Amino acid sequence: MSEPEIFRIDDDRLLCDAWHAPSHTVVLRPGDPGRRLRRAAVERVVGELAARGVERILTAALDAASLEPFAEAGFTPHEDLCVLRHDLVSPPPGRSGRRGATRRGSMRRDLARAAAVDQRAFSTGVALDRGGLEAIVSATPVCRFRLVTGGASGPVAAYAMCGLAGDTGYVQRVAVDPACRRHGHARALLGDALDWFDRRRVARVLVNTQVTNLAAQQLYLGVGFTRTSDRLAVWSWRREAAR
């Protein structure tokens, strides 16, 4: 699995992940959540990345306080995200009940096939390749990778990645091939994920999505998530804008 590059600037630490699609784009995030970075540290890392030929830098999805040093260093808003939460109860509401609709994904055999679905499901600049999915796998101590396929070795119609850290679960990525939409695949994957979280006595499950993505929000609301007042955002730096 791909590991983030670590930048240490005095007492500050930043982590850099390759975005993997498109090229010359990376994702930068604080290395010590809860500790405010200095503007000078962000500017120095941006300078080092630009010297390597990086054309665009995205922040991870961060709250307003964490974004302040990036804004001071010349980053501008890229997209706003809303956060939804599922407080698991027994039985959790909104389960699809299609337990046999999903199967376990193999990191060795299926990751590239899932990435191909991601490329078709999302627009350029948002879609991930295999390396991007590997970064998701390594983002939490425990990861669940599930597929919807046409048989044991058939084409991948949809996939989901979910993570577990402490008593909190995360729906990290759900993608459905455009040719296979409206067949309940996303609901089946979310139902499987909620069952998995429930078996592990997870206290809460979180997911974020673009404020403008009303279809995704309706999907999550339909399986028992509720909107929260929390907001996250992704900001960006571009080489041409900095000139």
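Check the entry above for the structure.
Here's a quick rundown of the structure. Computed from a prediction, not measured in an experiment: that's the story for all the values here. (Residues numbered from 1 in each chain as written. Predicted model: local features only at pLDDT ≥ 70, side-chain atom pairs only at ≥ 80, totals over all residues. Heavy atoms only, no water.)

### Comments concerning the overall build of the protein chain
Turning to step 1, where the next piece is worked out: Looking only at helices and strands, one finds seven helices and 11 strands in the protein chain.
Turning to step 2, where the next piece is worked out: The buried share of the protein chain, reckoned over its 243 residues, is 46%.
Turning to step 3, where the next piece is worked out: Long-range pairs, those at least 24 residues apart, make up 70% of the contacts in the protein chain with a sequence separation of at least 6.
Turning to step 4, where the next piece is worked out: Accessible surface, the protein chain as shown: approximately 12200 Å² in total, 50% of it carbon and sulfur. (Helix = DSSP H or I, 4+ residues; strand = E, 2+ residues; numbered from the N terminus. Buried < 20%, exposed > 50% of the residue type's maximum accessible area, 1.4 Å probe, protein only. Contact = heavy atoms within 4.5 Å. Areas by Shrake-Rupley, 256 points an atom, 1.4 Å probe, with all protein chains shown as cover.)

### Some remarks on the nonpolar core
Turning to step 1, where the next piece is worked out: Residues Leu14, Leu28, Val42, Leu49, Ile57, Phe70 and Phe75 are the most contacted members of the largest nonpolar core, which totals 27 residues.
Turning to step 2, where the next piece is worked out: Mapped by element, the contributors of at least two residues to this core are strand 1 (5–9), strand 2 (12–18), strand 3 (25–30), helix 1 (39–51), strand 4 (56–59), helix 2 (64–72) and strand 11 (226–238).
Turning to step 3, where the next piece is worked out: In terms of residue count, the dominant contributor to this core is helix 1 (six residues).
Turning to step 4, where the next piece is worked out: Here Leu49 is in contact with Phe7, Cys16, Val26, Leu28, Val54 and Ile57, once residues within four sequence places are set aside.
Turning to step 5, where the next piece is worked out: Cys82, Trp196, Val202 and Ala216 belong to the second-largest nonpolar core, a separate cluster that totals 26 residues. (Core = buried A, V, L, I, M, F, W, Y, C linked by side-chain atoms within 4.5 Å.)

### Observations concerning the packing of helix 5 (residues 185–199) against helix 6 (residues 214–222)
Turning to step 1, where the next piece is worked out: Contact geometry for helix 5 and helix 6: axes closest at 10 Å, N-to-C directions at 45°. Taken together, the axes of helix 5 and helix 6 are oblique relative to one another. Pair helix 5 / helix 6 crosses with right-handed handedness. Contacts from Ala186, Arg187 and Leu190 in helix 5 reach Leu219, Tyr220 and Gly222 in helix 6.
Turning to step 2, where the next piece is worked out: When its residues are assigned to classes, the contact of helix 5 with helix 6 shows four nonpolar, one polar and one charged. (Axes fitted to C-alpha atoms, helices over the stretch in contact; angles between N-to-C directions. Parallel < 35°, antiparallel > 145°, perpendicular 65-115°, else oblique. Left-handed = near helix turned anticlockwise from the far one by under 90°. Nonpolar A, V, L, I, M, F, W, Y, C, P; charged D, E, K, R; others polar.)

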